[in-house]
Amino acid sequence: MTGSDVQMSPMSAVGLVAGREITTRVNSKAYRITTLVMVLIVVALALIFKFFNGGGSADATVGYVPAASQLAQPLSATAKSIGQTVATQQVADEKAGQEKLRDGSIDALLVQDAKRVHVQVKKDLDAKLKNTFTVLEGQLALNQQIESLGGDPAKVRQATAEATIDELPPLEKPYDYNGQQLVLGIIAGILIYLSLMLNGQSVAQGVVEEKTSRVVELLLSTIKPWQLMAGKVLGIGVVGLIQMLAIGVAGVAAGLGFGVLTISVNAAVGTVIWLIVWYLLGFFMYSIVFAALGALVSRQEDVGGATMPALMFVIAGYVVGISILPSNPGSPLAEVLSVIPVFAPTLMPMRLAMGGVPVWEAVLSVGLVVALIPALIWLAARIYRNAVMRTGAKVKLRDALRAA
């Protein structure tokens, strides 16, 4: 029985090609090493964030002699009010405190009494800690003035603490996001951008490789061109999805496990889900185009030039996302572009991770991409069918489109 006599259903043919791509790529050492390295990178980043954030530890530690013990609680409260975390510990006497200064156990030492801030350091007083001490000294001076006028400093502090402003409803609904969501959004955009660039290019390079080696002639004697293209896109897409899942799950698990991510588990999982959804949508949309464009050339060195027009849209969406969204999450430009299919795969997941995206915008962006994919499949299949068997010089796009 010859290859042309083999009868195979369309789905079986697509599945056969996809299975071949999955097996070949997943079993490759390069793929496994790349995936492992990327997983280790996101775990390492979580550790770095934990290290630099101090894991919730104090910004400074201040010792105090027994005579200055009344300043311990006001010092911690003052530091907290200006965005610092200062830990305090009592020392037996001034000499013991100076020993702790020398060995680095404490950053500053309060001595003498609690009437004023008498502070001693090993060499230089940290600027932020000095600011805390200055604010505390101002409060002590104010208390003394209140007492001299016959008032009660405690009542004044209570009245000050309970004072609130009358905040009227905002003119527009505020965006619901925090700093960690901003970081997650940027990371999501970067991951999708890299996946589209790497896996999308792999589709085009695979097409050229088969075309150059004449493997495509053998395959097309058994299956149709669109089945070969669809199977290749599906197979590489699954391989990329496995990689994306590994990185996303490892990153969220490391962030939650190390205490770097303090947002809810639901929010973190939601980000990973949207990341996967938009990876799939973006990959299938662009990879279909990359496969068609790859069929136009016969040399690996020409792949970059052939796919560059499509890559420019991926790059443009990514650049807009990382340059505008961190400083202006409500940017009208980013909002409009994130709904347009060619920019949505990199922009919309960033906005969704940051929060504040209306449900209708998210649904519309997904719907437009889903609606565009069948049209791209028809167009790409025509180009692929008419160009994949033609070797030598680059096939012009208009010739591939109008060829019989």
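As recorded in an unreviewed UniProt entry, the protein chain goes by ABC transporter permease and comes from Amycolatopsis dendrobii. As its UniProt record puts it under Subcellular location (unreviewed entry), the protein chain is described as follows: "Cell membrane".

S.K.: What is the right way to look at the overall build of the protein chain in this model?
M.R.: What the protein chain contains, in helices and strands, is 15 helices and four strands. Expressed as a percentage of its 404 residues, the buried residues of the protein chain come to 41%. Per element, the accessible surface of the protein chain, about 21600 Å² overall, is 63% carbon and sulfur.

S.K.: Would you take a moment to explain a nonpolar patch on the surface for this structure?
M.R.: A cluster of nonpolar side chains, contributed by Ile33, Val37, Ile41, Leu45, Ile48, Phe49, Val183 and Ile187, occupies part of the molecular surface with about 650 Å² of accessible area. Within the secondary structure, Phe49 sits in helix α2 (residues 29-52). Classification of Phe49 by relative accessible area gives partly exposed; the value is 42%.

S.K.: Is there a simple way to explain helix α5 (residues 127-148) in this structure?
M.R.: Between the first and last C-alpha of α5 there are 32 Å, a value that for 22 residues agrees with the 32 Å anticipated at 1.5 Å per step. The set of residues buried in α5 consists of Leu129, Thr132, Phe133, Leu136, Leu140, Asn143 and Ile146. Projected onto a plane normal to the axis of α5, the buried residues spread over an arc of 140° and lie on a single side. Of the residues in α5, the exposed ones pointing more than 90 degrees away from the buried face are Ala127, Gln145 and Ser148. Sitting at the amino-terminal end of α5 is Asp126, which places a side-chain oxygen 3.0 Å from the backbone nitrogen of Lys128. Downstream of α5 by a residue or two, Gly150 has a phi angle that is positive, lying close to 85°.

S.K.: Looking at this structure, how should I read the UniProt feature "transmembrane region" (unreviewed entry) in the protein chain?
M.R.: Mapped onto this structure's residue numbering, the UniProt feature "transmembrane region" (unreviewed entry) falls at residues 30-52, 177-196, 233-260, 272-296, 303-325 and 359-381. With 92% helix and 0% strand, residues 272-296 has end C-alpha atoms that lie 36 Å from one another. Annotation note: span residues 359-381, helix share 100%, strand share 0%, distance between end C-alpha atoms 34 Å.

S.K.: How should I be thinking about the packing of helix α11 (residues 303-324) against helix α13 (residues 344-354) in this particular structure?
M.R.: For the pair α11 and α13, interaxial distance at closest approach is 7 Å and the crossing angle is 25°. By the angle between their directions, the pair α11 and α13 is classed as roughly parallel. On α13, the residues touching Val314, Gly317, Tyr318, Val320, Gly321 and Ile322 of α11 are Thr346, Leu347 and Met350. Partitioning the contact of α11 with α13 into residue classes produces six nonpolar, three polar and no charged.

S.K.: What exactly am I supposed to notice about the packing of aromatic side chains here?
M.R.: The geometry of an aromatic ring pair is captured by the separation of the ring centres together with the interplanar angle, meaning the angle of the planes. Per the stated rule, a full pass over the model turns up five aromatic pairs. Through successive ring pairs, a cluster of aromatic residues spans Tyr279, Phe283 and Phe284.

S.K.: How should the pattern of salt bridges be read in this particular structure?
M.R.: For side chains bearing opposite charge, pairing can occur when the charged atoms are close. Using the criterion set out here, one finds eight salt bridges in the structure. Linking Lys232 and Glu21 is a salt bridge whose minimum nitrogen-to-oxygen distance equals 2.5 Å. With Lys232 in helix α9 (residues 225-257) and Glu21 in helix α1 (residues 10-26), the pair connects residues that are 211 residues apart, well separated along the chain. A residue is classified by how much of its surface remains accessible, and Lys232, at 2% relative accessible area, is buried. Overall, Glu21 belongs to the buried group, its relative accessible area being 6%. The partner of Arg351 in a salt bridge is Glu361, and the shortest N-O contact between them spans 2.8 Å. Taken together, the positions of Arg351 in helix α13 and Glu361 in helix α14 (residues 359-387) put the pair 10 residues apart, joining distant regions of the chain.

S.K.: Explanation requested: α14 in the structure shown.
M.R.: Each α-helix turn comprises 3.6 residues. Residues three or four places apart therefore point the same way. Under the 1.5 Å per step criterion, the end-to-end length of α14 is 41 Å for 29 residues, consistent within 8% with the ideal 42 Å. Buried within α14 we find Glu361, Ala362, Ser365, Val369, Ile373, Leu376, Ala380, Ala381, Ile383, Tyr384, Asn386 and Ala387.

S.K.: Can you help me understand the confidence of the model for the protein chain in this one?
M.R.: Regions with low pLDDT should not have their predicted coordinates read in detail. The share of residues in the protein chain with pLDDT of 70 or more is 88%, and the mean pLDDT across the chain is 81. Under a pLDDT of 50 for its full length, residues 1-5 has, in the predicted model, four contacts with residues more than four places off or in other chains.

S.K.: What is the right way to look at the environment of Lys232 in this model?
M.R.: A C-alpha to C-alpha distance of 9.0 Å links Lys232 and Ile22, two positions 210 residues apart in sequence. Only 2.5 Å separates the side chain of Lys232 from the side chain of Glu21, close enough to count as a polar contact.

S.K.: Help me understand the pairing of strand β1 (residues 60-64) in this model?
M.R.: Along a regular strand, successive side chains alternate from one face of the sheet to the other. Most of β1 is tucked away: five of the five residues are buried. Both faces of β1 are covered, namely the face carrying Ala60, Val62 and Tyr64 and the face carrying Thr61 and Gly63. Where β1 meets strand β2 (residues 86-90), five bridges bridge the pair, whose relative direction is parallel. Looking at the pairing, Gly63 lines up with Gln89 of β2. Once the chain exits β1 it traverses helix α3 (residues 72-81) before rejoining the sheet at β2, and the crossover so formed is right-handed.

S.K.: What's the story with the sheet that holds strand β3 (residues 108-110) in this structure? I'm lost.
M.R.: Sheets are built from strands paired through backbone hydrogen bonds, the pairs being either parallel or antiparallel. Pairing within the open sheet is mixed, and its four strands lie in the order β2-β1-β3-β4. Because the sheet does not close on itself, it has two edges, and the strands there are β2 and β4 (119-120).

S.K.: What's the story with unusual backbone geometry in this structure? I'm lost.
M.R.: For residues other than glycine, phi is negative in most cases, and the peptide bonds are mostly trans. The backbone phi angle of Gln112 is positive, close to 65°, even though this residue is not glycine. Considering the arrangement of structural elements, one finds Gln112 in the loop between β3 and β4.

S.K.: Help me understand the environment of Glu361 in this model?
M.R.: Judged by its relative accessible area of 2%, Glu361 is buried. When the C-alpha positions of Glu361 and Met348 are compared, they lie 9.2 Å apart, and in sequence the two are 13 residues distant.

Criteria and cut-off values
Residues numbered from 1 in each chain as written. Predicted model: local features only at pLDDT ≥ 70, side-chain atom pairs only at ≥ 80, totals over all residues. Heavy atoms only, no water. UniProt positions renumbered as here; feature names shortened; annotations may be inferred. Helix = DSSP H or I, 4+ residues; strand = E, 2+ residues; numbered from the N terminus. Buried < 20%, exposed > 50% of the residue type's maximum accessible area, 1.4 Å probe, protein only. Areas by Shrake-Rupley, 256 points an atom, 1.4 Å probe, with all protein chains shown as cover. Patch = residues over 30% accessible without salt bridge, like charges linked within 9 Å, V, L, I, M, F, W, Y side chains within 5 Å. Salt bridge = Lys/Arg side-chain N within 4 Å of Asp/Glu carboxyl O. Expected span 1.5 Å × (residues − 1). Arc of directions from axis to C-beta. Polar contact = N/O pair within 3.5 Å; in protein donor to acceptor, adjacent residues only side chain to side chain. Axes fitted to C-alpha atoms, helices over the stretch in contact; angles between N-to-C directions. Parallel < 35°, antiparallel > 145°, perpendicular 65-115°, else oblique. Contact = heavy atoms within 4.5 Å. Nonpolar A, V, L, I, M, F, W, Y, C, P; charged D, E, K, R; others polar. Phe/Tyr/Trp six-rings, centres within 6.5 Å; stacked < 30°, edge-to-face > 60°. pLDDT = per-residue confidence, 0-100. Pairing = 2+ DSSP bridges. Right-handed = clockwise from strand over helix to strand, strands pointing away.

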